[in-house]
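Residue-level structural notes
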Amino acid sequence: MNCSSLIQDHRPLGSGSQSRVQKAVDSVRVALQKSLGDSVPSLNLYIQTPTEKIFASSVPAGYFPITEDANFRFASNTKTFTSTAILKMYQDGWLDFKAKITDNIPGTAIPYVPNTPAWDFPYKNEITIEQLLQHAAGVYDVDNDSVPGFNGLSYTAFVQNADPNHQFSTEEMVLQLSKHQLSYFAPTTGYHYSNTGYSILGSIIAQVYSVKSGSAKTYQDYLLDHIVGPGTKVPLAIRFPVLATDTKMPVPFLGGNERTPGGQTIIFGDYNMSAQVAEGNGYSTPVSLNAFVRSLMKGENVLTPETVQLMQTDSNPKSGNQYALGCFFTQNLGYGHNGERCGTLSLAMYDPATDVSVVAFINLVDNRNLTNGPENTFIKCFYAIYDAAYGGRKALGYPGRP
């Protein structure tokens, strides 16, 4: 559900940096609302400079703004956390990110991925961990693209529509690759974004951590124990549900809204994220997400500056060198990722040139018009988070949209 309340906001706007950023975000939301011809529930921006931290939430008249302590599902921003986990394991000598996924975990006779028929998908013996991180492995995405036998839907969409409480596993997803011999291309010969490729990375993280700890561990276990939890270098309240029953976000939270091509509106609140482990299952507040991406990209978190540089620069040439290890670079925004899931679009970036980080998110995915061209309503919502980020930077005197 959308946690904005039907109560007029009476906060004074003020006149400093907060006011300028608020006006910038308001202008983007109002322009999007006009372009869509329909309401935009909220558009939000958290921005940190060397001297300021500002949060601005733009909502329609009569609604309370979102607060900076509201949790939201940040979707594929999770991929940066997955890359961080892989690179932390590499840093600690637990794995070789250049290794093939069929190789053994260092010091063991146990392979990174199971040697079973379910995992016998195309090019499996040639794919490396690095290629999965770069979307260079050609692994078919059963979460985004249609799979034979599922009425033109992706595997995960079909199964979750039939049973919203289904407990997904990586093995059942890669089984579809093996069963139908699905692939986009041979490793290193192309670039194709793949959630399933990152699901495999999540399985590798769980497998390596289980071997190292001597007991069964999950992707979330490793993230909480070594990346964001209480005992880590930068402890943050960020969660990565792996169980189909772990559907609730803490209050306050921001629900998402999706408008379908048929004109319906789906409102997301509790949601089974077990199909999105390691590729899109994270949630947190804008404050925590900002603290993570900022400290990580500055080399002040669990990765050394040298490993962070590797993350930022070891890119897939077939992507035009735009996608590296779980992150990408955007001019005047820096390094980070974006995401879309459960009626929410988000962006988390850190710019080393200005020492400015941003987290922008909108709880609206408008899929009413998905045709190619300027009237595509999804693209309009997607661009809005970038416009908010650029607008907030410009309002504070930093370079905006190039």
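Residues numbered from 1 in each chain as written. Predicted model: local features only at pLDDT ≥ 70, side-chain atom pairs only at ≥ 80, totals over all residues. Heavy atoms only, no water.

It is worth spelling out the overall build of the protein chain at this point. When helices and strands are counted, the protein chain shows 10 helices and 11 strands. Scaling as 2.2 N^0.38, a compact globule of 402 residues should have a C-alpha radius of gyration of about 21 Å, and the protein chain matches this with 21 Å. Principal-axis analysis of the C-alpha atoms gives the protein chain an extent of 65 × 45 × 40 Å. Across the 402 residues that make up the protein chain, the buried fraction comes to 59%. Looking at the protein chain alone, contacts between residues at least 24 apart form 68% of all its contacts between residues at least 6 apart. Carbon and sulfur atoms make up 52% of the accessible area of the protein chain, which totals about 15900 Å². Taking the 28 positively charged and 33 negatively charged side chains of the protein chain as two groups, their mean positions are separated by 6 Å. (Helix = DSSP H or I, 4+ residues; strand = E, 2+ residues; numbered from the N terminus. Rg over C-alpha atoms; globule rule 2.2 N^0.38 Å. Buried < 20%, exposed > 50% of the residue type's maximum accessible area, 1.4 Å probe, protein only. Contact = heavy atoms within 4.5 Å. Areas by Shrake-Rupley, 256 points an atom, 1.4 Å probe, with all protein chains shown as cover. Lys, Arg positive; Asp, Glu negative; His and termini not counted. Charge placed at Lys NZ, Arg CZ, Asp CG, Glu CD.)

So, on to the environment of P114. Along the chain, the position of P114 falls in the loop between helix 2 (78–91) and helix 3 (129–134). In contact with P114, not counting residues within four places along its chain, are W119 and K124.

With respect to the helices, strands and loops of the structure, S346 is situated in strand 9 (residues 344–351). Side-chain polar atoms of S346 contact the backbone oxygen of F74, separated by 3.3 Å. At 2.9 Å, the side chain of S346 and the side chain of N77 are in polar contact. (Polar contact = N/O pair within 3.5 Å; in protein donor to acceptor, adjacent residues only side chain to side chain.)

Moving on to the side chain of R73. If you trace the backbone, R73 turns up in strand 3 (residues 72–75). One buried charged residue, R73, remains without a salt bridge, the closest side chain of opposite sign being D270 at 5.7 Å. Within the local environment of R73, its side chain forms a polar contact with the backbone oxygen of T247, the two atoms lying 2.8 Å apart. Excluding residues within four positions of it along the chain, R73 makes contact with T247, M249, G269, D270, Y271, M273, G282, Y283, C342 and T344. (Salt bridge = Lys/Arg side-chain N within 4 Å of Asp/Glu carboxyl O.)

Remember that the coordinates give geometry; whether it matters functionally is a separate question.
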